[in-house]
Every structure is written in C-alpha cells, then in structure tokens.
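Notes for the structure review
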Amino acid sequence: MTEGERLIPINIEDEMKSAYIDYSMSVIVSRALPDVRDGLKPVHRRVLFGMYELGVFSNRSYKKSARIVGEVLGKFHPHGDSSVYDTMVRMAQPWSLRYLLVDGQGNYGSVDGDPPAAMRYTEARLQKISDELLADLDKETVDFQLNFDDTIQEPTVLPTRVPNLLVNGASGIAVGMATNMAPHNLTEVIDGTVAYIDNREITIDELTQHIKAPDFPTGGTIYGYDGVKQAFETGRGRVVLRAKTNFEEVHGRDCIIATEIPYQVNKADMIAKTAELVKDGKLDGISEIRDESDRKGMRIVYVLKMDAVPNVVLNKLFKYTQLQSSFSVNNIALVNGRPEQLNLKDMIYHFVEHRHEVIVRRTEYELRKAQERAHILEGYMKVIGTQDDLDRAIRIIRESATPEDARSGLMVAFELSEIQARAILDLRLRTLTGLEIDKIREEYDEIMKMINHLKDILANEDLRMQIIKDELLEVRKKYGDERRTDIDYAGGDLNIEDLIPDEKVVLTISHMGYIKRTPLTEYRKQSRGGVGNRAATTRDEDFLEYMVSASNHQYMLFFTEKGKCYWMRVYEIPEGSKTSKGRAIQNLINIEPDDKVKAYIRTHDLMDEEYVNNHYVIMVTKNGIIKKTSLEAYSRPRTNGINAITVREGDTLLEALLTDGKSQIMIASRYGKAIRFEDEKVRPMGRTASGVRGINLGDAADNEVIGMIVVSDMEKETVLVVSEQGYGKRSSIEDYRETNRGGKGVTTLNITDKTGKLIAIEAVTDEDDLMIINKSGVAIRTGLDEIRVMGRATQGVRLINLKKNDEIAAIAKVEVEEELEDEVELDENGNPIVVEDSNENNETQAEETTAENPNNE
C-alpha cells in the first residue's frame, strides 16, 4: 500500500445491495423503459436527435448509416455501435413499427429474419412523421441535459405532437420489470385523445369507442376482445393474434392462403417449424407448403390433401403453429422518472399534459422573442420616425469619436436602451429610406397583434387545449390511415353483444359483391319525387343492388345464385359510412369465385329451437321454381356454406324469404304479371331438393321472375311494384285473386315504354319507408304513406326523378320505429331542391287517370 492510501472496510452485503440498486435504476431509467411523454427510450431519442442535428430531414438527401451512427455514438450514446445501428434499423422496418420514424435506403432485413446490411452499405434519413416528434425543439419547449462527457446538450424528452407511446408501442427488459406496449392506429388514438380533451371525466369504455384495439404493423386478426379490454383497463392483458387466411382452390386442390401473419412472428421460422410438424405426422392434412410472398405482399400457401377438411386443418394450424400467437401487454413507462403501470386513460392523460407544457413553453419563448423584436422596432421608430430625428441621430453618430460614444449619445438623446442603441448603430443605410420605414411600422403593428394573441394563449387554458386539438387533428390529416388489424369479437369468451348496442342499421350489397352496414340515422327522409342524395361510392361499372334494414344482434343468411347458404351475425359485417364502398363478400364468407349472393334473410336467434322449427325459408328461381324448407335446416351452417337448393341447369336462385307457414306468397315477373297463392300450397322439402313450379312465365324468351313477397297481414300490407324508369304504385292484395301455384298470374303494373320493365316487388305498409337506389349510386328515402293505393292495372306514379340514361337498380323497404322529421335537401350549390311543382302533380294525376284505360287516347 503506497503512502497516503488507506483501507476502508465495507460490508460486502451492503456494497452489493447498493451497487445493484444503482445498476438496476440505471437500466430502468436510462436504457430499457420508454418515457410516457414521447414514448421513446434514450437510445431512440438520441438517434432521432442525432439525425436532427445532422440535418437529415425527410426533404433532404440520405446519409450513410455509418455517418449517423458515428454522430450518435460519439456525442450522445457511449455504447456499442450495434446498439445504435440496430435501433435505427428497427425504426425503418415496416413490419416492426406501425409508423416508421426512419426512412431507410438499402437492405434493412426482412420479415423472414434476414439481417440488415452493414451500416457502411445502407443510408437513412428521417421520416416525415419524425418532423412532428422534433417540432419546436429549438423553442425551449423541453429541458436539455449534458451528455455523457458534459460537452454537449441533449434533450431529456422530445416535444412530440404524435402520441408515439400509443401508436408505436415499446418493448424492453429492465431489472426486475419489463415493458411490452402494443402499437395502435394513429387516427383512432387522436380521436380518443380529442375526446379526452373534450371530456376529462371520460371512461375507458367510452374511450374504446374511439380506440378499438391495438393495430399491429403486420395486420392479422385480434381473436377475442377480453384481453384487449383488460389491457385497456389495467395496463396488463393477453391479446390473441391470428393470421389472416382464406380458402382457395388452386389446380383442383383446396389450399389455405395466409396473407398476413401475427406481429413479431418470423415467417421463415414459422414455415420451417410447420414443415417439421407435417413431416413428424403431428399435423396431418397438408401435402405442401409454399412461400409465394413477393414485393406485392405476403402469400403463404398450404396445399391440402384431397381428403382434408380445410376448416379442420386451419384450426390445427392455429393450435400448433405461430399462425396464432399472443401479445402480452404490460404497459410500464417512466412517469417523472419513475416506472408506473398505466391504463389507456393514463397514457392519454400524460401525453396531453406534456403537450400542454410544450404549448406553454413554446408560447413563452415566442412571446419573449416577439417582445424583444418589438423593443428594437420601438427604438427604430424613435430615431428614424421623422426626418428631424433621423438628421439628429446621423449628426450624433458622425460627431462621435468611437462607437461607444455614439451609443451613449443616442441613448441620452432619444432615451434608448442599450439594446436599442446597438440595433440603431447596426442599421444599414437602405433602412433609412421612406419605404423601409413604412415596413418597420407595419412589422411593429403585426408583432403587437402577435404579442396580444400569445398573451391570450398564456391566460386561457381552453385556448391552449384548442391548440393541442388543432395540432393533433392536423397530424391525423397528414398521417392517419385505416386499421390493418381486424377484430374478431366472437373469438373470445367475452359476450360481445354486451359491448355492441343493438342499433338499427342498413345493410347494402353492391352488384359486384361489396357489403357494409351503415347506421340508419345516416339516411335522411325526403318527399316523393326528390332527386336523392349520394348513397355510396362504387366503381364505375358497379352499383348498389340490395338493401335491407336490420339490427346489430340479428343474424343474416346469405343465399347465392348457385343455391348455397352462408351465415353471419350483423355486427360482424364491417361498418362503413353512407358513401363508402364496403368490403367484398368474398373476404367475409368463403363464397366460390364464380358465385354471387342473390338473396338474404334477416332472422332472430337461430339457436332458439321453437323459433327455427316454426319458420320456413321459401326460395324462388329466375325460371319460376319455388321451394320451401324448414329454417331449422339452416341453423347449423358451416364456414364453407351449405346447399340450400339444387338449382337446375340454366337457372339461378333469385330470392329467399322467411315465412311462418301461414302466409300468402306473391311472385312477380318482368312483364308485369303477378301470382298469389297460399304458403301451405307449397309443401316443405329437404335442403337438397330443387322445388316445384311457382309461376308460368309464358313464351317470352326474356321473361323471368323479378321478385317474391310474403304477406302476413292482409289488412295492413299492400303490394308495391317499381319499374326501371322510376314508376311505381301500391295496390291492395285483395286486387290479386288467389290461385293455385303454377299459373300465369294477373297484371300488376301496366308495362309501357315510358315505365320500362318491372324491376321489384315489395310488401309494404304506411309505417314503412322506401329506399330507392339507381345505377349511378344516388339514393332517395321516402315515406310510403306518400304513395297512395291505386288500381292493380295502372301505370303508377313517378317515384324518383332519373337523370338521362339512368335506371333504378334496386329498392328496399326500411322499417322504422319512430317518425323521422323531414329535412330540406340541398343541391350542390346549397339551394333547396324543389320536391315537385304543380305541373308534376298535374302530370302525375293525368298518368294515374289515363293508365286505368291505356287504350283511351
């Protein structure tokens, strides 16, 4: 032991305890956990700040990754270069982050687990959304601290406008704790944050109306909602994820196609492990696995054996492979430097508080700068405001021996501060012109307005909150997108009906098979003869063809033209706005590519034995064949559908309706004939039967059945028929004499060139509303009480004003429980649309009169 040294005995237990606590706190605070305010761990923050300092913004050229890593390593993050590069790489991988923060150029790895190229080969720059994380960093909005060697300042947090912790999530293993936070959809998170700002007492259940569930970058499907709900409420939960799959027939073989896989699953490893299970005989039914993924997207093909049942194999894949995995949510983040477990509302609260502090500090900075500039401008105006003052100032400066004498002289002569005097001395000669003096006065006026506005912001919290909302909505407009991860509510143990209100909706199906459900409140009622409002955005060659009113808790049976039946809950049908296109039915049910949904039945509880045994499905084909089968036969559908009717060659299924077995059946044909007979005259048959003749269509080659109705209440219900050119009418059911099935029927609408052929038939009452949709996508909703009941053989009245070359595509009866108030419909210029004038009334009455006797000129 050298001179001057001495030994201090320390208890090894105390030293180990102290050293380990220091180490663990360092890992927790400075390495593994994200900050609740900007959602970043120190290394992520340093990478972004390093790129900010280098100036590699989204609108600048790329820089070598090695250059960026060196900058971050040398100035802010004294650890291995791989830690910095791996962090930067992950922020540039679209399968790792929901919203990328780094724009990478070069080989950044793959979802198969391939490593990225070395940093000397790749390049990077900031993504545009990263500008929002770094916005206002130069306005003293956040605290800075010294770096590891006390030579440079670095931010302790970023003044982010993006709720990054929620939208990108985070994961990290600290000492004694870990965090695993799921990413979410930016649009939903901002909507939820705005809702929180509007109502600080909002509950988590109310927040979930905006933020539905996590939204993973690789898509997939969340299977069951109970884990999501638990995670939102407590900060911990287990979210089950499934791959998005569908069935296809490839070269005559059934195949399971996976197009999206669960988050953080290595595709190559998953395929290899699945192949091992098949080889070992633990997973039967699969003959081959192919990875057909390319730059257009992911596609994993599981080719099945000839005798394999696709659904059984798929369920085994979910059970034994990573086609189904789980994401364990554990929301732990640093709050004021201390780790805390956070629920959904907590995270939104801390982000809003951070944004509020940033707004206050930014406003104070801008106010100070504005006041400093105003102070200098006041000095300018004192000295050069008039020609005499300017001459006196010039004389003082010329007669001064030194700049200091000139400064002192100006300060005394014009009562200037030292800052103002120095600014005067620094003026260029061109500023002394009359034009420049006017500009100084204008600038001063503008700055004084700005100062008053900034003071208002600092004095008014509501104004500050409005600024936060406005900036959030701007971010949503720039970067918001659709959800990638679907939610299968029915997958978990939770009864999803408790979470979904039993609201009235309108289901629409387009000619090309796009379906959606829309709240009934989106459709406004108009008077008969109105022009209508835009109903849906479809492709040029597409148009809305089917529409039905339903409620979320009901069941839907879909019948295809080939005679197959599929089953679905209404709430499982994706919701869309009135103007949205909807989702292809093929993505929701396993319909054959060359098949098409032609009919639908809205039913109540299919598990109710009494209900299904006392109801029947009646089907009719285009060639007039009718068939009746007990609803019980359709109460146990399969994913691939069941056979509902054997359709004869050259025929297709047209309509399917529900009946109680004691109703009246009416079938109408294209040439305006209709037949009425008792439901009991069609005997019940099995699902595979083809049916019996319902109506005789005669000799016309192009004649066909256009619709069928079931009448339960003879006194209340009437028959509504509509033609292609917008004419229609209501007739009493008693006007149609009752016959046996198989006859030609009687005239239901007098077909002329003006009316066009018959297109639809409905059983309606005065309490119903009518939705009419034409082929250009325009819809009108009107009360049926506006259409009077008239004779069976009349031509009818005009129901909708059609533009040139337009035709009616479909009609639908909308049952309403309460009367909706009429609203004035406006045209594109904001002017009220005239529903109908006296000429139209006269013309309509004339049509009704002459149509009774069409041969009378």
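Within every chain, residues take consecutive numbers counted from 1 along the sequence as written. Per-residue local features of the predicted model are confined to residues with pLDDT of at least 70, and side-chain atom pairs are confined, for both listing and counting, to 80 or more; whole-chain, interface and lining totals are unaffected and use all residues. Side-chain measures were taken over the full set of non-hydrogen atoms in the model, leaving aside hydrogen atoms and water.

**Considerations on the overall build of the protein chain**
Under the scheme used here, helices are H or I runs from DSSP no shorter than 4 residues and strands are E runs no shorter than 2 residues, and both carry numbers assigned from the N terminus. On a plain count of helices and strands, the protein chain comes out with 19 helices and 41 strands. For the radius of gyration, the atoms used are the C-alpha atoms, and the globule rule reads 2.2 Å times the number of residues raised to 0.38. For 857 residues, the compact-globule estimate of 2.2 N^0.38 gives 29 Å, and the C-alpha radius of gyration of the protein chain, at 37 Å, exceeds that figure by more than 25%. The dimensions of the protein chain, computed from C-alpha atoms along their principal axes, are 120 × 85 × 45 Å. Expressed as a percentage of the 857 residues in the protein chain, the buried residues total 50%. Within the protein chain, contacts between residues separated by at least 24 positions form 72% of all contacts whose residues are at least 6 apart in sequence. Residue burial is assigned from relative accessible area. The probe radius is 1.4 Å, only protein chains are included, and a residue is buried under 20% of its type maximum, exposed over 50%, and partly exposed in between. We call two residues in contact whenever any of their non-hydrogen atoms come within 4.5 Å of each other.

**A word on the domain arrangement of the protein chain**
Delimitation of the domains relies on an automatic or database domain assignment. Along its sequence, the protein chain is organised into domain 1 (41–157), domain 2 (244–322), domain 3 (348–479), domain 4 (495–523 + 540–547 + 560–598) and domain 5 (604–814). A straight line from the C-alpha centre of domain 1 to that of domain 2 covers 37 Å. The partner domain 2 presents 8 residues to the 6 residues of domain 1 that form the contact. Buried surface area refers to the total accessible area, computed with a probe of radius 1.4 Å, that the two partners give up upon joining, counted for both partners together. Note on domain 1 versus domain 2: buried area summed over both sides is about 440 Å², and carbon and sulfur give 40% of it. Each salt bridge in this description consists of a side-chain nitrogen of Lys or Arg and a carboxyl oxygen of Asp or Glu lying within 4 Å of one another. Along the contact surface separating domain 1 from domain 2 lie 1 salt bridge. A salt bridge links D112 to K267; the nearest nitrogen and oxygen atoms lie 3.0 Å apart.

**Thoughts on the environment of L134**
Among the secondary structure elements, L134 is positioned in helix 5 (residues 128–134). Separated by 28 residues in the primary sequence, L134 and V162 place their C-alpha atoms 9.8 Å from one another. Excluding residues that lie within four positions of it along the chain, L134 makes contacts with L48, Y52, L126, L158 and P159.

**With respect to the UniProt feature "active site" (unreviewed entry) in the protein chain**
UniProt positions are given in the numbering used here, feature names are shortened, and annotations may be inferred rather than shown by experiment. Sequence positions flagged by UniProt for "active site" (unreviewed entry) are, in local numbering, Y121. For Y121, the position within the fold is in the loop between strand 2 (102–105) and strand 3 (123–126).

**Quick notes on helix 12 (residues 344–384)**
Spanning 41 residues, helix 12 covers 59 Å between terminal C-alpha atoms, matching the ideal 60 Å at 1.5 Å per step. Polar contacts, as used here, are pairs of N or O atoms within 3.5 Å; protein pairs need one atom able to donate a hydrogen and one able to accept it. Residues neighboring in sequence count only if both atoms are side-chain atoms. Capping the start of helix 12, N343 holds a side-chain oxygen 3.1 Å from the backbone nitrogen of K345, two or three residues further along. What a helix is expected to span follows from its residue count: subtract one and scale by 1.5 Å.

**Comments concerning the nonpolar core**
We define the nonpolar core as a collection of buried residues of types Ala, Val, Leu, Ile, Met, Phe, Trp, Tyr and Cys that are connected through side-chain atoms lying within 4.5 Å of one another. Ranked by internal contacts, the top residues of the largest apolar core, which has 103 residues, are L186 and Y380. With 14 residues, helix 12 is the largest single contributor of residues to this core. Looking at which domains feed residues into this core, each of domain 1 (41–157) and domain 3 (348–479) supplies at least three. If we skip the residues at most four places from it in the chain, Y380 touches R373, G385, A423, I424, L427 and I440. With 20 residues, the next largest nonpolar core counts A258, M270, L304 and L314 among its residues.

**Regarding helix 7 (residues 186–198)**
Counted at 1.5 Å a residue, the expected span for helix 7 with its 13 residues is 18 Å, and the 18 Å between its end C-alpha atoms agrees. The buried count for helix 7 comes to 10 of 13 residues, which makes it a mostly enclosed element. Of the positions making up helix 7, those classed as buried are L186, E188, V189, I190, G192, T193, V194, A195, Y196 and I197. Buried positions along helix 7 lie against helix 5, helix 6 (164–168), helix 8 (204–207), helix 12 and helix 17 (461–479). A distance of 3.0 Å separates the backbone nitrogen of T187 from a side-chain oxygen at the start of helix 7, and that oxygen is part of N185.

**A few points about the packing of aromatic side chains**
In this analysis, rings of Phe, Tyr and Trp, with Trp reduced to its six-membered ring, are considered paired at centre separations within 6.5 Å, and the interplanar angle assigns stacked below 30 degrees, edge-to-face beyond 60, and tilted for intermediate values. Applying the stated rule across the entire model yields 11 aromatic pairs. Aromatic side chains F216 and Y263 sit 5.3 Å apart centroid to centroid with 35° between the ring planes, which places their arrangement in the tilted category. Residue F216 is located in the loop between helix 8 and strand 8 (221–223), and its partner Y263 is located in the loop between strand 11 (253–260) and helix 10 (267–279); the two are separated by 47 residues in the primary sequence. For F216, a relative accessible area of 0% translates into the label buried. Accessibility expressed as a relative area gives 7% for Y263, which makes it buried. Here the aromatic residues F49, Y52, F57, F76 and F144 are joined through ring pairs into a cluster of three or more. We call a charge positioned above a ring when the Lys NZ or Arg CZ atom is no farther than 6 Å from the ring centre and deviates by at most 35 degrees from the ring normal. Over the ring of Y62 we find R125; its NZ or CZ atom is 4.2 Å from the centre of that ring. Geometry around Y223 places R242 over its ring, the cationic atom sitting 3.6 Å from the centre.

**Some points on the pattern of salt bridges**
Side-chain pairing between opposite charges can occur once the charged atoms of the two side chains come close. The final tally for this structure, using the stated rule, is 47 salt bridges. Its salt-bridge partner being R517, residue E575 comes within 3.6 Å of it at the nearest N-O pair. One end of the pair, E575, is in the loop between strand 23 (564–569) and strand 24 (583–584); the other, R517, is in strand 19 (residues 514–519), with 58 residues separating them in the sequence. Here E575 falls in the exposed class, since its relative accessible area comes to 53%. Exposure remark for R517: the relative accessible area of 11% places this residue in the buried category. For D766, the salt bridge identified is with R730, shortest N-O distance 2.7 Å.

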